[in-house]
Amino acid sequence: MRILSSFLLIAILFSSCATLILPKSQKMDISTKRGDKVYANDKLVKKDSSGKYKIECDGDDAQLVIKSDKYLDGRTVLAANKTSILSKLYYIPAFYGMLMFLSSRSENYDDNGNLEDKSTQRYIGMGLTGAAVVSGTVDAMSSRKTRFDKNVKLPKKKYKKIPNRTENEKLIEIVQIEIDTELGGDNYHFYNSNKNYRKNKENTFVSKRNVEKAEIKLENTIFTDALNEILISTGYIDTTKTGIFSQSFSENLRVRAKVTDLELYEMLEVKRNASSHYISSSLRVNWEIINLYEEVLFEKKIKARSGEVVFNNKGDNGIDAFKLTVEDAIKYSFSEFIHTKDVQALLTDNSESVKESTFEAITIKNNNANKVINISKSLDAAVTIEGDKGFGSGFFISDDGYIVTNYHVITQQEDLKVTLNNGDVIDKVEIVRSNKAADLALLKIKSNKDLPYFNLSTRKEVDFGSNIYAIGTPTSADLGQTISKGIISGFRDRDAGTKLIQTDASINSGNSGGPLVAENGLVIGVVNAKLKGFGIEGVAFAIPAYEILEKLKIEFK
């Protein structure tokens, strides 16, 4: 019995090598640079004395993330698709146990003709076979038998981190990332082995998987938020500036993007004792830098591919893993975009801000006979300005056709025309001067007769509570030269030391560029903006009239 027990113990120990002998972790040779940090399944992994990383084996793929001070996180997968040979050793006791058991069934006689007793041999054979089955089952259930593929594939290209904003750079914000692509069919690539994936040998016998476009469309704001979080952390978005005047032309840029050519790469390798499953994505992004008037200053298409993300189909992991690959690819593409020379130049460009100092004075002479001296005559001095993309308002400041309006009324417009209060339409309109930073523009039309015009106030103070009149074209071009009455309700600070007049007069988007007039017919401001939102009414703003003279460099004689 002692002999049988010894054989069984040896068999169990011998055949359970994967469970008892194999370590919980595996040493991996990962080529990293000084300062890089390696995380396996969200746990920091450090090099041992041999210069290798010890990664814990739990039977599943390990998500590897390489973090660096200079580059964005790089993701790769340690594929758990190998089985240790030690997990096969239970075949040895099983084989010998079966031989002993079968041999014990035969009848053998000794030299004296007596039948040999083979019961001990039979029990040992049965014990070895049973022990092998038990230990083999234990090994089969153990995660230690699964080993990582030693072919560690790090991302081919590294993408620089978004740099910290310097004091002389503009603020920048992502305002829109549009996903304009469908996934499925030819955009989906399947690989049935890690080897084929590395060599880009697609398995064409697998039916194409369809991923609903809606799953991307409904969630595309998460990519905008993810990039803006980076811009906040690097100082390009100032979270302390939250007021309605927080955005200025001279200090702010915006970015919008359209994602196209989205591709999904899925690797699924299934073996009898091991399997591996992960995905990656590639896409092309058309990036645009725009100013506050949505004028495109620079655009560039950049293709990028994400790292690899473990895909285990548990819960929402499938959708989450896919979104993570798309997010990473967009981040990589944006990193390349913001580091381009053109974008870097735009971040420090102040040419529009200094443009004002280069203006030569425009001298205007007027015939006082046509000057507006009261509200009843003011309608004839106001105009509607219309182009191929919309309309706004404006007003004459001279009897020979000089018109003041907002820059945003004429920006990106073609085929400008001016409609007078009497219905006359002038389709030859010259843009004489514009100041984007101040949102002001000076136009000129030709007329065969003297035109009514407004005088501009040069006062830098306002009379709070005094009556004023907003004249313009609200909501529809058919409502040209509409007057609404209100009061001056505030004087607000804007960027670069400029001011805005606040009024409660009824103003709509078409009023932009129209005059804000005192009862004596004197223009005290240019209607510029209105607050919009549920429950908000009676809060509008105008650029003070004295800024027209300063920002457009106009002199009257």
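Further up the page is the structure itself.
Sequence order sets the numbering: in each chain, residues are counted from 1 along the sequence as written. Residues qualify for local features only when their pLDDT is at least 70, as the model is predicted, and side-chain atom pairs are given and counted only at 80 or more; totals for whole chains, interfaces and linings, by contrast, use all residues. Heavy atoms from the whole structure form the basis of all side-chain values; hydrogens and water molecules are not counted.

J.: Before we move on, can you summarise unusual backbone geometry with the specific residues and values?
T.: Not every positive phi belongs to a glycine, and Asn41 is a case in point at roughly 50°. Here a helix means four or more residues in a row that DSSP labels H or I, a strand means two or more in a row labelled E, and each is numbered from the N terminus. Within the secondary structure layout, Asn41 lies in the loop between strand S2 (37-40) and strand S3 (43-45).

J.: Account for the nonpolar core, with residues named and values stated.
T.: By nonpolar core is meant a set of buried Ala, Val, Leu, Ile, Met, Phe, Trp, Tyr and Cys residues that side-chain atoms within 4.5 Å join together. Each residue is assigned to one of three classes by its accessible area relative to the maximum for its type, calculated with a 1.4 Å probe on protein chains only: buried under 20%, partly exposed between the two thresholds, exposed over 50%. Of all hydrophobic cores here, the largest spans 39 residues; its most connected members are Ile177, Trp287, Ile330 and Phe334. Residue assignment for this core shows that the elements contributing at least two residues are strand S9 (171-179), strand S10 (188-191), helix H7 (221-233), strand S11 (252-270), strand S12 (275-290), strand S13 (296-305), helix H8 (317-338) and helix H9 (341-347). Residue contributions to this core peak at eight residues, all from H8. Among residues more than four places away in sequence, those in contact with Trp287 are Leu227, Val255, Arg256, Ala257, Phe298, Glu299, Lys300, Ile302, Ile330, Ser333, Phe334 and Phe337. Val404, Leu440, Leu442 and Ile554 belong to the second-largest nonpolar core, a separate cluster that totals 29 residues. Residue contacts are counted whenever heavy atoms from the two residues lie within 4.5 Å of one another.

J.: Give me the pattern of salt bridges: which residues, what numbers.
T.: Each salt bridge in this description consists of a side-chain nitrogen of Lys or Arg and a carboxyl oxygen of Asp or Glu lying within 4 Å of one another. What the rule picks out here adds up to 16 salt bridges. For Arg256, the salt bridge is made with Glu294, and the minimal N-O distance between the two is 3.8 Å. In this pair, Arg256 sits in strand S11 while Glu294 sits in the loop between S12 and S13, placing the two residues 38 residues apart along the sequence. In this structure, Lys436 and Glu295 form a salt bridge, with 3.3 Å as the shortest nitrogen-oxygen distance. In this pair, Lys436 sits in the loop between strand S21 (430-435) and strand S22 (440-444) while Glu295 sits in the loop between S12 and S13, placing the two residues 141 residues apart along the sequence. Relative accessible area serves as the criterion here: at 16%, Lys436 is assigned to the buried category. Here the residues in one salt-bridge network are Arg256, Glu288 and Glu294, joined through shared partners.

J.: Give a description of the environment of Pro474 that names residues and reports values.
T.: Position of Pro474 among the secondary structure elements: in the loop between strand S23 (467-472) and strand S24 (482-493). Owing to a relative accessible area of 9%, Pro474 belongs among the buried residues under this scheme. The sequence separation of Pro474 and Ser509 amounts to 35 residues, and the corresponding C-alpha distance is 6.3 Å.

J.: Run through the sheet that holds strand S18 (residues 402-405), naming residues and quoting values.
T.: As summarised here, the arrangement of the seven strands in space is S20-S19-S16-S17-S18-S22-S21, forming an open sheet in which the pairing is antiparallel. Each end of this open sheet is capped by a strand with a single partner; those strands are strand S20 (425-426) and S21. For two strands to pair, DSSP has to find at least two bridges joining them. Here two bridges tie strand S19 (residues 417-419) to S20, and the two strands are oriented antiparallel to one another. Paired with Thr419 across the two strands is Val425, which belongs to S20.

J.: How would you sum up the pairing of S13? Please name residues and give values.
T.: By the bridge criterion, nine bridges tie S12 to S13 in an arrangement that is antiparallel. Bridged to Leu283 within S13 is Ala304. Counting the residues that bridge the hairpin from S12 to S13 gives five residues, and of these Glu294 lies at a positive phi of roughly 65°.

J.: Explain the sheet that holds strand S6 (residues 74-78) residue by residue, including any values.
T.: The antiparallel open sheet is built from four strands, whose spatial order is S3-S2-S5-S6. With partners counted over all chains shown, the strands left at the sheet margins are S3 and S6, one partner each. Recorded for the sheet is a direction-independent mean angle of 30° between the axes of neighbouring strands. Sheet topology note: the S2/S3 ladder contains three bridges and is antiparallel. Bridge assignment links Val38 to a residue of S3, and that residue is Val45. Between N-to-C directions, angles span 0 to 180 degrees; the directions come from axes that are lines fitted to C-alpha atoms, helices contributing only their stretch in contact.

J.: Describe the packing of aromatic side chains, listing the residues and the values that go with them.
T.: Pairing of aromatic rings covers Phe, Tyr and Trp, the last counted by its six-membered ring, and requires centre-to-centre distances within 6.5 Å; plane angles under 30 degrees mean stacked, over 60 mean edge-to-face, and any other angle means tilted. Tallying each qualifying case throughout the model produces 10 aromatic pairs. Judged by centre distance (5.8 Å) and plane angle (20°), the ring pair of Trp287 and Phe337 falls under stacked. Pair noted here: Trp287 is in strand S12 and Phe337 is in helix H8, with a separation of 50 residues, a long-range link. The burial state of Trp287 is the same as that of Phe337; both residues are buried. Taken together, the ring pairs connect Trp287, Phe298, Phe334 and Phe337 into an aromatic cluster. Either the NZ atom of lysine or the CZ atom of arginine qualifies as a charge over a ring when it sits within 6 Å of the ring centre and within 35 degrees of the ring normal. One Lys or Arg, Arg433, reaches over the ring of Phe359 and ends 4.3 Å from the middle of that ring. Seen from the ring of Tyr402, Lys444 lies directly overhead, with NZ or CZ sitting 5.2 Å from the centre.

J.: Go over H7 with me, naming the residues and quoting the values.
T.: Compared with the 18 Å implied by 1.5 Å per residue over 13 residues, the 18 Å span of H7 between its first and last C-alpha is a close match. Taken residue by residue, H7 has Phe223, Thr224, Ala226, Leu227, Asn228, Ile230 and Leu231 as its buried positions. Phi turns positive, to about 90°, at Gly235, one or two residues after H7. By definition here, a helix of n residues has an expected span of 1.5 Å times n minus one.

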